[in-house]
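# A structural walkthrough
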Amino acid sequence: MYNETLEWIENALDSLHETGKMGSLHWRATYTEEDHKALKLLERWMREKNLEVFYDDIGNLFGKIEGEQDKIVLTGSHRDTVKNGGKYDGALGIICAIAAAGALYEEFGKPKKSVEVVAFCEEEGSRFLSGYLGSRYFVGQLSDDILLERDANGITLTEAIRHAGFSGKRAQKSLQMQKVERFIELHIEQGGVLEQSGEQVGLVTSIVGLLIGKITIDGHQNHAGTTPMHLRKDPVTRAAQFITEMNQWAMAYNEAVTCTFGEIQVFPNKSNVIPGSVSLSFDIRSTSPAILQEARMRIKNLQQQEDGFRYTLEFAAPNAPAQMDEDGLKLLEEAAKKLHLSYRKMHSGAGHDAEMVAQNIKTNMIFVPSVGGISHSPLEYSKMDDIGHGYLLLKEFLREIAWGHEEEKA
């Protein structure tokens, strides 16, 4: 039965990955045709595993096994991908959750607490500036400003939601969320710690907070050959200076913060023209709210500079650091020992939907190793044996929490 489950998970990963193919590029952005194809697959698999399917008003997909009590144990992950990403990030957590919930229902029947599997929308922030849109909505933290964000084609988030057939109606706190007792998310590590250390699973203790946004620096466009260096207002030079300053600042904190400028756009982007403007993204992460606040102030201080440049700042919705639930962590340790799985308690340097959910609900995460520590890449890969370990741990956790400490049937 276990080998059959692993085969089902592997085939499901392949099938779901196919929905995001766009010629030579892979991208499954939320509220697109690719997303629609993925949802139809996920709906089918949920029903085949005896889960009742429904959506909320923003398009988060749920599959439910009704329990004897009103309380809900929630599990799952996000269904979207980054542009040109791999097939494990997000998708693995949903597929393993469907498999685990379905197997437990088949083995033990109706649970004491209801179990819901969620496929959150737009975690990556690859279409709209702010990420975690589905989980933000779920915990009542999707603001009007986020709903007005536009994608590269000028489509607002509200327009995209409605075009996909959802109302986008916003509630401060959903009744469904108020019934959720716990959330557990299985995910690939997206780093190389587990592979290097040799542990089979990771038990997450905390998740970094993120400061994400965009800086546009306007200078003076001019001729590259006739404008002396001392008369230039070159925004690329100023951007390079600022990037260097921020990297030096981050390095002074050793491993307490990361700072990345991953997207740079130059206008008009011609070799013989001094640019008129440059836009650069920033991605700053730390478990320290004080460090994130310091980074924000450093960026905001750009607008106080009197250096002949004009600075326009755009901040994505804030993402605070999150601590995982201690009782849940202890239960995961006990389950790992019961299953004879080696484990490591570890911090997550990547953001996850669990980060948003943890602000309101007891939350935990399971990591499985990533080969080579590679993620957000077509080369992203996790071995099926490693995936199997994570699946078994997730299943045991759900059994303990939702079915209530029953001994497994022969």
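Structure's up top.
Attention in this report is confined to the structure presented alongside it. Predicted model, so just to flag it, every value in this text is computed and none were measured.

## Things to note about the overall build of the chain
Scanning the chain from N- to C-terminus turns up 13 helices and 18 strands. Whereas a compact globule of 410 residues would reach a radius of gyration of roughly 22 Å, the chain reaches 23 Å, a difference of no more than 12%. Its C-alpha atoms give the chain principal-axis dimensions of roughly 85 × 45 × 40 Å. Buried residues in the chain amount to 55% of all 410 residues.

## Description of the nonpolar core
For soluble globular proteins, nonpolar side chains are generally found buried alongside one another. Residues Ile 9, Leu 92, Leu 393 and Leu 394 are the most contacted members of the largest nonpolar core, which totals 57 residues. The dominant element in this core, judged by the number of residues it contributes, is helix H3 (residues 91-108), at 13 residues. Ignoring anything within four residues of it in the chain, the contact list for Ile 9 reads Leu 92, Ile 95, Cys 96, Ala 99, Met 384, Ile 387 and Tyr 391. Judged by nonpolar contacts, the second largest core, of 24 residues, contains Trp 249, Val 278, Leu 302 and Phe 309.

## What to know about the packing of helix H9 (residues 235-251) against helix H10 (residues 289-300)
Interhelical geometry of H9 versus H10 gives an angle of 160° and a closest axis separation of 12 Å. By the angle between their axes, H9 is roughly antiparallel relative to H10. Handedness of the crossing formed by H9 with H10: right-handed. The residues of H10 that touch H9, namely those facing Phe 242, Met 246 and Trp 249, are Ile 291, Glu 294, Ala 295, Arg 298 and Ile 299. Here the residues of the contact of H9 with H10 are counted per class, giving 6 nonpolar, no polar and 2 charged.

## Examining unusual backbone geometry
For the peptide bond that leads from Phe 267 to Pro 268, omega is 5°, which places it in the cis range. At Glu 122, a position not held by glycine, the phi torsion is positive, near 45°. Checked against the element boundaries, Glu 122 lands in the loop between strand E6 (114-120) and helix H4 (133-138). You will see that His 340, though not glycine, has its phi angle at about 60°, which is positive. Topologically, His 340 is positioned in the loop between helix H11 (326-338) and strand E17 (343-348). The class for His 340 is exposed, based on a relative accessible area of 72%.

## Section: the packing of aromatic side chains
All chains considered together, the criterion is met by 10 aromatic pairs. Their ring planes at 70° and their centres at 5.6 Å tell us that Phe 282 and Phe 315 sit as a pair that is edge-to-face. Here the residue Phe 282 occupies a position in strand E14 (residues 277-286), and Phe 315 occupies one in strand E15 (residues 310-315), the gap between them amounting to 33 residues. Classification of Phe 315 as partly exposed rests on a relative accessible area of 23%. Here a set of aromatic residues connected by ring pairs shows up, and it is made of Phe 54, Phe 62, Phe 120, Phe 138 and Phe 183. When the ring centre of Trp 8 is taken as reference, the NZ or CZ atom of Lys 49 above it lies at 4.5 Å. Over the ring of Phe 315 we find Arg 296; its NZ or CZ atom is 4.4 Å from the centre of that ring.

## Regarding the environment of Val 273
Among the structural elements, Val 273 can be located in strand E13 (residues 273-274). When its relative accessible area of 21% is taken as the criterion, Val 273 is described as partly exposed. Taking the C-alpha atoms as reference points, Val 273 and Glu 123, separated by 150 residues in sequence, lie 38 Å from one another. When sequence neighbours within four positions are dropped, the list of residues in contact with Val 273 reads Gln 221, Asn 222, Ala 224 and Pro 268.

## What about the pairing of strand E9 (residues 209-218)?
Within E9, 8 of the 10 residues are buried, leaving the element largely enclosed by the surrounding structure. Two elements, E9 and E14, share 10 bridges in a ladder whose sense is antiparallel. The residue of E14 that forms the bridge with Ile 215 is Leu 280. Here 6 bridges tie E9 to E15, and the two strands are oriented antiparallel to one another. Opposite Lys 214, over in E15, you have Glu 314 as the bridge partner.

## Side note on the side chain of Ser 206
With respect to the helices and strands, Ser 206 occurs in strand E8 (residues 201-207). The exposure class of Ser 206 is buried, given its relative accessible area of 10%. Here the side chain of Ser 206 touches His 347 through a polar contact of 3.3 Å, side chain to side chain. Residues in contact with Ser 206, not counting those within four places in the same chain, are Thr 287, Ala 322, Gln 323, Met 324, Met 346, His 347 and Ser 348.

## Details of the pattern of salt bridges
Tallying each qualifying case throughout the model produces 23 salt bridges. Its salt-bridge partner being Asp 218, residue Arg 310 comes within 2.9 Å of it at the nearest N-O pair. Of this pair, Arg 310 sits in strand E15 while Asp 218 sits in strand E9, and the two are 92 residues apart along the sequence. In this structure, the salt-bridge partner of Arg 298 is Glu 294, at a minimum N-O distance of 3.8 Å. On the criterion of helical spacing, the pair formed by Arg 298 and Glu 294 is a turn pair, its members being 4 residues apart in helix H10.

## Remarks on helix H2 (residues 33-48)
Quick reminder: α-helices carry 3.6 residues per turn. Residues three or four places apart thus point the same way. Taking 1.5 Å per residue, 16 residues should reach 22 Å; H2 reaches 23 Å between its end C-alpha atoms and fits that length. Here the buried face of H2 lies against helix H1 (2-18), strand E1 (21-22), strand E3 (52-55), strand E4 (61-65), H3 and E6. Of the residues one or two after H2, Asn 50 is the one with positive phi, at around 70°.

Scoring rules and cut-offs
- Residues numbered from 1 in each chain as written.
- Predicted model: local features only at pLDDT ≥ 70, side-chain atom pairs only at ≥ 80, totals over all residues.
- Heavy atoms only, no water.
- Helix = DSSP H or I, 4+ residues; strand = E, 2+ residues; numbered from the N terminus.
- Rg over C-alpha atoms; globule rule 2.2 N^0.38 Å.
- Buried < 20%, exposed > 50% of the residue type's maximum accessible area, 1.4 Å probe, protein only.
- Core = buried A, V, L, I, M, F, W, Y, C linked by side-chain atoms within 4.5 Å.
- Contact = heavy atoms within 4.5 Å.
- Axes fitted to C-alpha atoms, helices over the stretch in contact; angles between N-to-C directions.
- Parallel < 35°, antiparallel > 145°, perpendicular 65-115°, else oblique.
- Left-handed = near helix turned anticlockwise from the far one by under 90°.
- Nonpolar A, V, L, I, M, F, W, Y, C, P; charged D, E, K, R; others polar.
- Phe/Tyr/Trp six-rings, centres within 6.5 Å; stacked < 30°, edge-to-face > 60°.
- Lys NZ or Arg CZ within 6 Å of the ring centre and 35° of its normal.
- Pairing = 2+ DSSP bridges.
- Polar contact = N/O pair within 3.5 Å; in protein donor to acceptor, adjacent residues only side chain to side chain.
- Salt bridge = Lys/Arg side-chain N within 4 Å of Asp/Glu carboxyl O.
- Expected span 1.5 Å × (residues − 1).

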